[in-house]
Amino acid sequence: MDTEHERCAMRIIAENTSGVLRDIATVIAGHGANILMINQEIFDSGPYAGMGELYLEYEHGPEDREHLVRDLEAIKSVRDVKSFQPFGDIFGSRVIIIGGGAQVAQVALGAVNEADRHNIRGERISVDTIPLVGERTLALAVDAVSRLPRASILVLAGSIMGGEISNAVDRVREAGIPVIALKMAGTVPEHADLVVTDPIQAGVFAVMQVSSKAVFDIKRVRGREF
């Protein structure tokens with residue numbers, strides 16, 4: 001009978017030296033764990049200034065987790081190992097809102113209010129916003145959405161968007177992330193899955209789409225305008 005694997009997470013503090021990631025990955029592989037995502041950065045301040053932080057999520061059977069932590073702590077360059085719940089269990093699916101400040105704020109109002117209703121019932125849906133201006137800046141931000149962990153839907157909120165932003169929208173959709181656009185000037189609405197006039201309603205639609213309990217399905221209204 002196959003052992004059921006659980007998604008786990010840990011944070012490792014280690015010296016910022018060559019070969020550390022290799023040593024850590026070797027120990028994890030030796031325990032039969034499968035790394036699902038990984039993030040690294042260097043501390044700029046605090047007690048670990050100059051040292052590296054490695055956050056990773058992995059699949060592992062329940063029987064050997066403590067042994068894995070002990071073996072990681074035994075690596076010479078490792079200073080600390082702590083286990084945590086995965087981000088998906090804490091923050092859940094992410095609604096990403098990008099665009100002009102005033103419109104972003106209104107979309108976020110609808111999204112946060114709707115997410116509150118779902119999270120009270122045990123779901124986990126979080127809302128990320130960033131107000132930006134400029135075609136190049138917005139296009140880079142839209143392109144980056146497909147690389148964000150757990151990004152489940154994108155809402156574009158502005159008065160006019162097109163050009164490179166529209167191309168970026170196509171790439172995000174090709175990555176499997178649906179896109180809602182406010183009714184605006186420019187070509188972005190032609191490339192989005194759904195166009196919504198009311199920014200508050202756009203935020204509500206976005207949360208309903210990523211919810212595991214709502215009945216809204218953006219595929220059934222794709223190409224329409226509300």
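The structure contained in this document is the topic of the report that follows.

Cut-offs applied
- Residues numbered from 1 in each chain as written.
- Predicted model: local features only at pLDDT ≥ 70, side-chain atom pairs only at ≥ 80, totals over all residues.
- Heavy atoms only, no water.
- Helix = DSSP H or I, 4+ residues; strand = E, 2+ residues; numbered from the N terminus.
- Contact = heavy atoms within 4.5 Å.
- Core = buried A, V, L, I, M, F, W, Y, C linked by side-chain atoms within 4.5 Å.
- Buried < 20%, exposed > 50% of the residue type's maximum accessible area, 1.4 Å probe, protein only.

### Remarks on the environment of Gly 50
Logical step 1: Assignment of secondary structure puts Gly 50 in the loop between strand S2 (34-42) and strand S3 (52-60).
Logical step 2: Taking the C-alpha atoms as reference points, Gly 50 and Val 172, separated by 122 residues in sequence, lie 35 Å from one another.
Logical step 3: Each residue touching Gly 50, except ones within four places of it in the same chain, is listed here: Asn 16, Ile 42 and Phe 43.

### So, the nonpolar core
Logical step 1: Val 95, Ile 98, Leu 154, Leu 156 and Ile 180 are the most contacted members of the largest nonpolar core, which has 45 residues in total.
Logical step 2: Of all the elements in the fold, those that place two or more residues in this core are strand S5 (93-99), helix H4 (101-120), helix H5 (135-145), strand S7 (151-157), helix H6 (164-174), strand S8 (179-182), strand S9 (194-196) and helix H8 (199-210).
Logical step 3: Here the element with the most residues in this core is S7; it accounts for six residues.
Logical step 4: Beyond its immediate chain neighbours, meaning those up to four positions away, Ile 98 contacts Val 104, Ile 130, Leu 132, Leu 138, Ala 141, Val 142, Val 145, Leu 154, Val 155, Leu 156, Ala 157 and Met 161.
Logical step 5: By size, the runner-up hydrophobic cluster in this structure holds 18 residues, among which are Met 10, Ala 14, Leu 68 and Val 69.

### Overview of unusual backbone geometry
Logical step 1: A positive phi angle is found at Arg 150, which is not glycine, with a value near 65°.
Logical step 2: If you trace the backbone, Arg 150 turns up in the loop between H5 and S7.
Logical step 3: Note on Arg 150: relative accessible area 27%, which makes it partly exposed.

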